Amino acid sequence: MSRLIVVSNRVALPAEDPSGGLAIALRAALEERGGVWFGWSGKGVRGGSGALHESGEGGIRYLTMDLEQGDLDEYYDGFSNRTLWPLLHFRLDLVDYDRKTRLGYRRVNEMFADRLAPMLREDDVVWVHDYHLIPLGAMLRQRGVRGRIGFFLHVPMPSADLVMAMPEHRQLFSTLYSYDLIGFQTRGDVDRFESYVRLYGGGRVVGGGEIEAAGRTLRVGAFPISIDTSEIERQAQAALAKQAVRRLRTSLESRLLAIGVDRLDYSKGLPERFHGFERYLLRHPDQKGTLTYLQIAPISRGAVDEYRQLRRQLEQIAGHVNGAHAVPDWTPLRYVNRNVPHATLMGYYRTARVGLVTPLRDGMNLVAKEFVASQDPANPGVLILSLLAGAAQELSDALLVNPHDLDGVADAIATAATMPLDERRARWTAMIEHLRRHDIHAWRRAYLGALEERR
Ligand code: ADQ
């Protein structure tokens, strides 16, 4: 079997408890097959980028590269997170385009290519991940790499007219034509990419998942990412013995729990969700005091202004909701800004009657899938899921909502909190059966199978 080289911005080293969807999924994917995982070390250093660190555990060899703070400011906080992230989440209003950060992004991608190219063997399979590294494949080709290189976009592909509004969009997005396979989360993302290729990308959509552009033929396809379903089912049950989970259960007294777990990010629709929860308290006064909402939202990208503003806004809304609706022995909204060990989180999900996953846009959303896999088969909770998350394409037995419709979200919470056991079981069974068949291993096999077919 050829060697697998995974490249992503962040690498989750064995000692770390990863809290981002990409890191969790890639670790699970590499654990089964083995291979090399290459990316940024997670450290901003002084005195120059480029130092490499190597370690290994199980079948995975970790290779990480230090980046200087100035490079990180431009490549990571700048172009990746202030230009591409909002663009790819349909938020043209938040896109901050700057030629300097664009150059920094290019420069860091060149460094990745300079370090990686000499290490590659001819029959290696290289799998590049996400929007931080779009041009990497083209840069590897420039350095003589001729083997299979695939790319997977974890976030949404926006509509062609949004992409074309970014200066120099074609220079960036046409570098994707150097890959052999471009994977997206959903069919909708593939369709939007194909329409970009046709309208503004200078390529030709042949059909059947083939594109001709820049003198090459490449494949595109939908490969919905997933979770390690059986492992999470096991973890969630075992987590009930954990002290943190027992304490949460006791603290609820006999109330139901609704849970939300998201990185603190504007794509996750948290202000709307808080308002939706308040709307639930107002529209369903008979249920007031029967359900407590716990929102776990660790701070992410704290150096970026929009994220700081969002944090302030959420503190304000949470304060308002509790000020208006709390009584001496009940706080309706518990808002926590910390990371929780992954296994404990699965126990929290299992404790909850309602899972609230209402992003305004999300490539997939693994929390939705984890919530389903964590439930007690005898007494499962109900997932409320945004139509605008990729996961809604698969989890159609959730209560699907439009996150902008606060009354709709409010009523879905009320419906979930009072749903009879038979209906909860029927909805959950359909979803867990899907997730058992379509787990993270099936995802990796489907993608790599398609990439390895390329020559
Ligand atoms: P993310 O935007 O990070 O991922 P998501 O898919 O929901 O979003 O994954 C978050 C992961 O982090 C989950 O596994 C969750 O359990 C974990 N997590 C979140 N908060 C945590 C906390 N406080 N403590 C511990 N763990 C926490 C990106 C895309 C998604 C896509 C994934 C994978 O934005 O759309 O699903 O990549 O492709």
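Small disclaimer: the values here were computed from a predicted structure and weren't measured.

**Q** Sorry if this is basic, but what is going on with the overall build of the protein here?
**A** Assigned secondary structure in the protein consists of 16 helices and 16 strands. Taken over the C-alpha trace, the protein has a radius of gyration of 22 Å; the compact-globule value for 455 residues is 23 Å, and the two agree within 12%. By its C-alpha atoms, the protein is 65 × 50 × 45 Å across when sized along the principal axes. Looking at the protein residue by residue over its 455 residues, the buried ones come to 58%. At a minimum sequence separation of 6, the contacts of the protein that also span at least 24 residues come to 76%. Of the roughly 18,000 Å² that the protein leaves accessible, carbon and sulfur atoms contribute 47%. Side chains of the protein carry 58 positive and 56 negative charges; the gap between the two charge centres is 2 Å.

**Q** I would appreciate a short explanation of unusual backbone geometry in the present structure.
**A** Glycine aside, residues mostly have negative phi angles, and peptide bonds mostly take the trans form. Even without being glycine, phenylalanine 90 reaches a positive phi, approximately 65°. Looking at the element boundaries, phenylalanine 90 is found in the loop between helix H2 (69-88) and helix H3 (99-116). For glutamate 168, which is not glycine, the phi dihedral falls at a positive 55°. As for its placement among the helices and strands, glutamate 168 is situated in the loop between helix H5 (160-163) and helix H6 (169-173). By relative accessible area, glutamate 168 is classed as partly exposed at 35%.

**Q** Quick question: what am I supposed to make of the pattern of salt bridges here?
**A** Pairing is possible between side chains that carry opposite charge, provided their charged atoms lie close to one another. Summed over the entire model, instances satisfying the criterion amount to 36 salt bridges. We note a salt bridge from glutamate 306 to arginine 82, for which the minimum N-O separation is 3.2 Å. Placement of glutamate 306 in helix H11 (residues 305-325) and of arginine 82 in helix H2 is noted, with a sequence separation of 224 residues between them. Here arginine 143 and glutamate 110 are joined by a salt bridge, their closest N and O atoms 2.5 Å apart.

**Q** Looking at this structure, how should I read the side chain of histidine 434?
**A** As for its position among the elements, histidine 434 is in helix H15 (residues 421-437). Here the side chain of histidine 434 touches glutamate 394 through a polar contact of 2.7 Å, side chain to side chain.

**Q** Where do I start with helix H13 (residues 366-373) in this structure?
**A** Every α-helix winds through 3.6 residues per turn, so residues three or four apart in the chain are directed the same way. Judged by how many residues are buried, H13 sits mostly within the fold: eight of eight residues are covered. Put simply, asparagine 365 is the residue that caps the front of H13, since its side-chain oxygen is 3.0 Å from the backbone nitrogen of valine 367.

**Q** Sorry, what's going on with the nonpolar core here?
**A** Note that soluble globular proteins tend to have their nonpolar side chains buried in a common cluster. Val7, Phe112, Leu140, Phe173 and Phe193 are the most contacted members of the largest nonpolar core, which has 91 residues in total. The biggest single contributor to this core is H2, with eight residues. The contact partners of leucine 140, leaving out residues within four places of it in the chain, are Ala113, Leu116, Ala117, Leu120, Val126, Val145 and Ile149. Ile60, Leu294, Leu345 and Leu451 belong to the second-largest nonpolar core, a separate cluster that totals 63 residues.

**Q** Which parts of the structure should I look at to understand the packing of helix H12 (residues 342-351) against H13?
**A** In a packed pair of helices, the relevant descriptors are the angle between the two axes and the axis-to-axis distance. H13 packs onto H12 with a crossing angle of 65° between their chain directions and a minimal axis gap of 8 Å. Judged by the inter-axis angle, H12 sits roughly perpendicular to H13. Judged by the twist between their axes, the crossing of H12 over H13 is right-handed. For the pair formed by H12 and H13, the contact residues are His342, Met346 and Tyr349 on the first element and Val367, Glu370 and Phe371 on the second.

**Q** Can you walk me through the confidence of the model for the protein in this structure?
**A** Keep in mind that low pLDDT regions are not for reading the predicted coordinates in detail. For the protein, per-residue confidence averages 95 on the pLDDT scale, and residues scoring 70 or more make up 99% of the total. Confidence scores differ between elements of the protein, with helix H1 (residues 21-33) showing the lowest mean pLDDT of 79 and strand S15 (residues 382-386) the highest of 99.

**Q** It is not clear to me how the packing of aromatic side chains should be interpreted in this structure. Could you clarify?
**A** For any pair of aromatic rings, the description rests on two quantities: the centre-to-centre distance and the angle between the ring planes. Per the stated rule, a full pass over the model turns up 23 aromatic pairs. For the ring pair phenylalanine 152 and tryptophan 443, a centre distance of 5.2 Å and an interplane angle of 80° mean the geometry is edge-to-face. Here phenylalanine 152 is found in strand S6 (residues 148-152), whereas its partner tryptophan 443 is found in helix H16 (residues 440-452), with 291 residues between them in sequence. Every member of this aromatic cluster is reached through a ring pair, and the members are Phe38, Tyr75, Phe79, Tyr97, Tyr105 and Phe112.

Analysis parameters
Residues numbered from 1 in each chain as written. Predicted model: local features only at pLDDT ≥ 70, side-chain atom pairs only at ≥ 80, totals over all residues. Heavy atoms only, no water. Helix = DSSP H or I, 4+ residues; strand = E, 2+ residues; numbered from the N terminus. Rg over C-alpha atoms; globule rule 2.2 N^0.38 Å. Buried < 20%, exposed > 50% of the residue type's maximum accessible area, 1.4 Å probe, protein only. Contact = heavy atoms within 4.5 Å. Areas by Shrake-Rupley, 256 points an atom, 1.4 Å probe, with all protein chains shown as cover. Lys, Arg positive; Asp, Glu negative; His and termini not counted. Charge placed at Lys NZ, Arg CZ, Asp CG, Glu CD. Salt bridge = Lys/Arg side-chain N within 4 Å of Asp/Glu carboxyl O. Polar contact = N/O pair within 3.5 Å; in protein donor to acceptor, adjacent residues only side chain to side chain. Core = buried A, V, L, I, M, F, W, Y, C linked by side-chain atoms within 4.5 Å. Axes fitted to C-alpha atoms, helices over the stretch in contact; angles between N-to-C directions. Parallel < 35°, antiparallel > 145°, perpendicular 65-115°, else oblique. Left-handed = near helix turned anticlockwise from the far one by under 90°. pLDDT = per-residue confidence, 0-100. Phe/Tyr/Trp six-rings, centres within 6.5 Å; stacked < 30°, edge-to-face > 60°.

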